[in-house]
Amino acid sequence: MSEDSHKNSKDKELFEFYLEHGYFPEDLNLNNKFQKKLKENSKNQKVNQNKKNINLNKNNLKNKDEVFAEFLGYLVTNNITQKGKLLKFSTENEYNINRFAKLLWNLQIQDYKIEIVGKTYNITVKENVENIVREKLEEYGACKIGEFLNTENLKKAFVRGNFLGAGSINNPQNKYHLEIIFSKEEFAVTTLEMLKEFEINAKLLNSTIYFKDGEEISNFLALIGANSAVLKFEQIRVMREMKNNVNRLVNCETANLNKTINASVKQIETIKKIIM
């Protein structure tokens with residue numbers, strides 16, 4: 001297995017771990033395995049996205065502004081590819097592809113299809129997304145994405161889209177690491193600056209922003225609305241910190257005991273020499 005394949009497999013496992021433990025708990029019941037479980041074929045199976053796949057009533061999101069902001073967050077990640085007027089989003093997570101389809105439906109973008117290639121879900125939008133985004137921005141009186149993202153909630157929704165679009169997180173039982181990969185470095189810088197407004201400090205490497213600090217990761221998860229995931233993450237983090245503290249104390253006590261024993265041995269040897 002190549003290094004990239006191994007990383008993708010690991011990212012999928014870790015990503016599903018956190019989705020399973022609380023991303024958007026109010027929406028989890030809406031998935032229902034696309035109402036019918038998408039059958040896995042050995043190679044390529046096309047699945048039409050229609051009323052049988054999505055319950056239209058349950059998939060109606062109330063805040064359309066935040067829907068659009070989250071959608072924009074997806075668009076700037078590296079899992080989005082565009083050929084001509086066609087736009088494709090790829091992921092190995094079924095919930096995530098369902099979430100993206102849900103955003104499309106709420107934005108009244110209905111000309112798209114879902115297909116499965118191996119373990120990867122692809123959703124291809126046949127409408128001209130660039131024109132749709134431009135028209136939407138004009139409706140809000142904005143020329144650029146930054147002008148539209150002018151409230152805290154819209155910025156949070158945008159960052160949430162970033163993470164769901166191309167984010168991965170390590171199991172905190174092993175190490176603290178969260179990253180989001182963008183299609184361009186300028187998009188990564190935009191999100192980095194946004195996070196600073198919420199006093200969340202990430203690091204930048206080319207077109208990737210990442211976290212290595214447990215507290216910062218916890219704050220980030222809270223920011224994007226993954227409240228149940230925060231509780232799970234904090235539980236694991238506290239247990240890990242307690243284990244580390246116990247190990248440090250044991251090591252310290254062992255070191256002190258060794259010093260005491262060594263000092264006692266020296267004293268005994270000294271006494272013996274004096275007596276003799």
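Scroll up to find the structure.
Keep in mind that what you see is a predicted model, and the values were worked out from it rather than measured.

**Q** Explain the packing of aromatic side chains here, please?
**A** The description of two aromatic rings rests on the distance between their centres and on the angle between their planes. Enumeration according to the criterion identifies nine aromatic pairs in this entry. Seen in terms of ring centroids, Tyr-74 and Phe-89 are 5.2 Å apart; in terms of plane orientation they differ by 90°. Their pairing is edge-to-face. Within this pair, whereas Tyr-74 is found in helix H3 (residues 64-75), its partner Phe-89 is found in strand S3 (residues 86-91), the two being separated by 15 residues in sequence. An angle of 45° between the planes, with centres 5.3 Å apart, marks the rings of Phe-211 and Phe-220 as tilted. Here the aromatic residues Phe-71, Tyr-74, Phe-89 and Phe-100 are joined through ring pairs into a cluster of three or more.

**Q** Help me out: how do you make sense of the pattern of salt bridges in this one?
**A** When charged atoms on two side chains of opposite charge get close, those side chains can pair. A full pass over the atoms with the stated rule returns five salt bridges. Arg-160 is the salt-bridge partner of Glu-70, the closest N and O atoms lying 3.1 Å from each other. Of this pair, Glu-70 sits in helix H3 while Arg-160 sits in helix H7 (residues 152-166); the two residues are 90 residues apart in sequence, bridging distant segments of the chain. Accessibility assignment for this pair places Glu-70 and Arg-160 in one class, buried. Linking Lys-155 and Glu-197 is a salt bridge whose minimum nitrogen-to-oxygen distance equals 2.5 Å. One end of the pair, Lys-155, is in helix H7; the other, Glu-197, is in helix H8 (residues 185-197), and 42 residues separate them in sequence. Using a relative accessible area of 15% as the deciding quantity, one classes Lys-155 as buried. Shared partners join several salt bridges into a network, and the residues in it are Glu-70, Arg-99 and Arg-160.

**Q** Help me out: how do you make sense of the environment of Ile-109 in this one?
**A** Following the sequence through the fold, Ile-109 ends up in the loop between helix H4 (94-106) and strand S4 (112-117). Considering only alpha carbons, one finds Ile-109 and Glu-127, 18 residues apart in sequence, at a separation of 7.4 Å. With residues up to four places along the chain from it excluded, the contact list for Ile-109 reads Phe-71, Leu-104, Val-125, Glu-127 and Ile-132.

About the cut-offs
Residues numbered from 1 in each chain as written. Predicted model: local features only at pLDDT ≥ 70, side-chain atom pairs only at ≥ 80, totals over all residues. Heavy atoms only, no water. Phe/Tyr/Trp six-rings, centres within 6.5 Å; stacked < 30°, edge-to-face > 60°. Helix = DSSP H or I, 4+ residues; strand = E, 2+ residues; numbered from the N terminus. Salt bridge = Lys/Arg side-chain N within 4 Å of Asp/Glu carboxyl O. Buried < 20%, exposed > 50% of the residue type's maximum accessible area, 1.4 Å probe, protein only. Contact = heavy atoms within 4.5 Å.

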